[in-house]
Amino acid sequence: MNLVQFLLQNHEQVLELTLEHLWLVGVSTVLAVLIGLPLGIVSARWPVWNKPVLGTANIIQTIPSLALFGFLLPVPWLGDRADRLAILALTLYALLPVIRNTYTGIRGVDPAVVEAGRGMGLTNSQLLFQVELPLALSVILSGVRVAVVVSVGLATIAAAIGAGGLGEFIFRGLAMVNNQLILAGAIPAAVMALSADFGLGWLEKRLRPR
Amino acid sequence: MDPTCANGAVIEFRNVAYTLPDGRKLLSGLNLQVQRGETVVLLGRSGSGKTTTLKLINRLLTPSGGEVRVNGAPTAEGDVIRLRRSIGYVIQDAGLFPHFTVEKNIGLVPRIEGWPAERIRRRVEELLQLVGLEEQMASRYPHQLSGGQRQRVGVARALAADPAILLMDEPFGALDALTRDQLQREFLALQQRLGKTVVFVTHDLREALRLGSRIALMEAGQLVTVLSPQDFVRSNEPLAAAYVRAFGDGLDTVANRGGS
């Protein structure tokens with residue numbers, strides 16, 4: 001049985017696992033942006049926060065993913081459901097690129113433009129929302145893009161703790177020494193990562209200030 | 001009018017000093033009054049404290065000693081946002097917002113001041129005309145404009161909410177000689193019509209002589225002397241004389257200035 005036949009025969013399960021995968025990546029990315037964006041803004045505005053915030057995100061990044069899933073397993077509420085746990089872990093990993101790029105993006109805005117805005121009487125929040133964030137948007141988005149691509153790959157490991165997603169095929173294939181099954185998980189995941197990369201890359205280019 | 005400002009100075013520096021946190025003195029013992037409707041040019045080398053002086057007026061910097069008064073009130077006391085919105089600010093390369101169209105750039109202060117959209121649109125139209133830009137420029141982005149056009153937009157933006165005071169930090173410094181010449185001429189014509197109180201920073205003596213009602217010569221964080229352009233070219237003050245000597249051939253232009 002070749003791969004195409006397998007995918008066609010099991011299309012319902014492929015679709016289900018793909019959707020689960022998308023759910024894990026999507027929710028964790030949204031959470032990472034909701035948490036990372038303010039943290040990035042804070043560390044760009046008040047440099048004292050830069051080191052602790054980016055340092056912590058960096059440390060989280062160095063924890064091996066399988067170990068992080070394992071660490072979080074005994075935590076109450078979180079450990080009750082594998083998808084919660086997987087989402088938390090993916091969110092933690094996605095934080096660093098989001099925070100770092102928000103920081104770099106805001107810091108990278110032409111100081112003359114910021115000073116002009118300040119001199120014209122923009123308040124701090126007007127400066128942030130009308131000048132700094134719009135001008136940093138493409139840099140921030142490239143951080144989100146990195147986060148998404150990494151999450152798509154990492155989410156396959158979430159199957160190890162029973163959170164579902166395309167990793168199910170991969171782990172089953174590994175256990176059964178079935179390459180087709182492994183590819184049935186790996187290829188849709190790769191396609192997902194590439195389309196996210198391409199789509200967000202296109203958006204990023206469109207939003208880049210000239 | 002505030003009684004502490006009896007002579008009616010719009011901007012007043014009282015023994016102002018500015019020191020960086022690391023202890024370097026950028027400005028000390030500055031006393032200067034700017035009268036309503038005049039153009040005071042701050043002339044000096046880079047690092048002489050001109051820009052620092054300018055930024056003390058709209059409180060982008062706060063004095064470490066003495067006080068700066070605008071319309072009689074110490075700038076350190078009032079609402080800094082109100083202060084800045086009542087003062088137009090033009091910088092080199094215009095500092096336009098690259099993600100805003102010309103129209104949005106010019107209309108920024110009116111917009112944040114909550115003017116109705118129709119009034120902003122009319123004001124932008126009026127300003128474009130005032131600074132000599134065609135109406136179809138309104139929808140362009142700054143990167144689609146020439147240096148001279150950008151600078152015109154910068155001036156229009158500073159004038160948008162009709163401030164009585166205009167601060168200009170080497171606004172024409174990055175332009176080619178011909179464009180600069182034209183914009184200087186237009187500035188004079190504009191100033192004749194609008195009668196703003198202007199503080200203008202430059203290192204170019206020709207520009208200072210041409211545009212200034214008075215020239216405030218600065219060196220190493222100190223105000224050396226304040227002279228009218230006519231007195232400046234005849235001054236015995238060593239630094240002023242050195243400037244005039246360096247200026248050389250341009251003197252003829254100055255002699256003819258009264259007639260232009």
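These figures come from a predicted structure and were not determined experimentally.

1. Structural notes on the overall build of chain B
So, point 1. Within chain B, the regular secondary structure consists of 11 helices and 10 strands.
So, point 2. Taken over the C-alpha trace, chain B has a radius of gyration of 18 Å; the compact-globule value for 260 residues is 18 Å, and the two agree within 12%.
So, point 3. In terms of overall dimensions, chain B has C-alpha extents of about 55 × 45 × 35 Å along its principal axes.
So, point 4. For chain B, with 260 residues in total, the buried portion stands at 42%.
So, point 5. Intrachain contacts of chain B at a sequence separation of at least 6 include 68% that bridge at least 24 residues.

2. Some remarks on the overall build of chain A
So, point 1. Looking only at helices and strands, one finds nine helices and zero strands in chain A.
So, point 2. In sequence order, chain A lays out its α and β elements as α-α-α-α-α-α-α-α-α.
So, point 3. For chain A, the spread of C-alpha atoms along the principal axes amounts to about 70 × 40 × 25 Å.
So, point 4. Put simply, chain A has 210 residues, and 39% of those count as buried.
So, point 5. Put simply, of all contacts in chain A between residues at least 6 apart along the chain, 72% involve residues at least 24 apart.

3. A word on the interface of chain B and chain A
So, point 1. Taken together, the contact between chain B and chain A spans 17 residues of the former and 16 residues of the latter.
So, point 2. Looking at the side of chain B that touches chain A, the elements with two or more residues in it are helix 2 (80-85), strand 6 (87-91) and helix 4 (108-112) of chain B.
So, point 3. Looking at the side of chain B that touches chain A residue by residue, the class counts come to 10 nonpolar, four polar and three charged.

4. So, helix 1 (residues 50-57) of chain B
Residues and elements named next belong to chain B.
So, point 1. Of all eight residues in helix 1, eight are buried, a share of seventy percent or more.
So, point 2. Taken together, the buried positions of helix 1 are Lys 50, Thr 51, Thr 52, Thr 53, Leu 54, Lys 55, Leu 56 and Ile 57.
So, point 3. Positive phi appears at Arg 59, one or two residues downstream of helix 1, with a value of about 60 degrees.

5. Section: the pairing of strand 4 (residues 65-70) of chain B
Residue and element names in this part refer to chain B.
So, point 1. Examined bridge by bridge, strand 1 (residues 9-19) and strand 4 share five bridges and lie antiparallel to one another. Bridging across to strand 4, Ala 17 finds its partner in Gly 65.
So, point 2. In this structure, the hairpin formed by strand 4 and strand 5 (residues 73-74) is closed by a connection of two residues, where Asn 71 is found at a positive phi of approximately 50 degrees.

6. Observations regarding the environment of Leu7(A)
All names here are of chain A.
So, point 1. Tracing the backbone shows Leu 7 in helix 1 (residues 3-9).
So, point 2. Classification of Leu 7 by C-beta neighbours within 10 Å gives partly exposed; the count is 16.
So, point 3. Between the C-alpha atom of Leu 7 and that of Ala 184, which follows or precedes it by 177 residues, the distance is 6.8 Å.
So, point 4. Not counting the four nearest positions on each side in its chain, Leu 7 is found in contact with Val 14 and Ala 184.

7. Focus: the sheet that holds strand 1 of chain B
Within a beta sheet, neighbouring strands are joined by backbone hydrogen bonds and run either parallel or antiparallel to one another.
Residues and elements named next belong to chain B.
So, point 1. Sheet architecture is open: four strands sit in the order 2-1-4-5, paired in antiparallel fashion. The two strands at the open ends of the sheet, each matched to only one other strand, are strand 2 (25-35) and strand 5.
So, point 2. One ladder, built from two bridges, connects strand 4 with strand 5; its direction is antiparallel. Its bridge partner being in strand 5, Arg 69 is matched across the sheet by Pro 74.

8. Re unusual backbone geometry
Residues and elements named next belong to chain B.
So, point 1. A positive phi angle is found at Arg 59, which is not glycine, with a value near 60 degrees.
So, point 2. Looking at the secondary structure, you find Arg 59 in the loop between helix 1 and strand 4.
So, point 3. Positioned with a positive phi, Glu 170 is a non-glycine residue whose angle comes to about 45 degrees.
So, point 4. Position of Glu 170 relative to the elements: it lies in the loop between strand 7 (165-169) and helix 7 (177-194).

9. Structural notes on the sheet that holds strand 9 (residues 214-219) of chain B
All names here are of chain B.
So, point 1. Sheet architecture is open: six strands sit in the order 6-7-8-3-9-10, paired in mixed fashion. Each edge of the sheet is formed by a strand with only one pairing partner; in this case those strands are strand 6 and strand 10 (222-227). Neighbour-to-neighbour, the strand axes of the sheet open up by a mean angle of 15 degrees, direction not taken into account.
So, point 2. Sheet analysis places strand 3 (residues 39-44) next to strand 9, joined by five bridges and oriented parallel. Considered in strand 9, the bridge of Val 40 is made with Arg 214.
So, point 3. Each of strand 3, strand 6, strand 7, strand 8 (197-202) and strand 9 is contacted by helix 1, which is oriented at about 150 degrees to strand 8, the strand it contacts most.

10. Examining the confidence of the model for chain B
Keep in mind that low pLDDT regions are not for reading the predicted coordinates in detail.
Residues and elements named next belong to chain B.
So, point 1. Across chain B, the average pLDDT comes to 89, with 93% of residues at or above 70.
So, point 2. When mean pLDDT is compared element by element in chain B, strand 8 scores highest at 96, while helix 11 (residues 251-255) scores lowest at 59.
So, point 3. With pTM at 0.84, the complex prediction returns an ipTM value of 0.84.

About the criteria used
- Residues numbered from 1 in each chain as written.
- Chains lettered and ligands numbered in written order.
- Predicted model: local features only at pLDDT ≥ 70, side-chain atom pairs only at ≥ 80, totals over all residues.
- Helix = DSSP H or I, 4+ residues; strand = E, 2+ residues; numbered from the N terminus.
- Rg over C-alpha atoms; globule rule 2.2 N^0.38 Å.
- Buried ≥ 20, exposed ≤ 12 C-beta atoms within 10 Å, placed from the backbone.
- Contact = placed C-beta atoms within 7 Å.
- Nonpolar A, V, L, I, M, F, W, Y, C, P; charged D, E, K, R; others polar.
- Pairing = 2+ DSSP bridges.
- Axes fitted to C-alpha atoms, helices over the stretch in contact; angles between N-to-C directions.
- pLDDT = per-residue confidence, 0-100.

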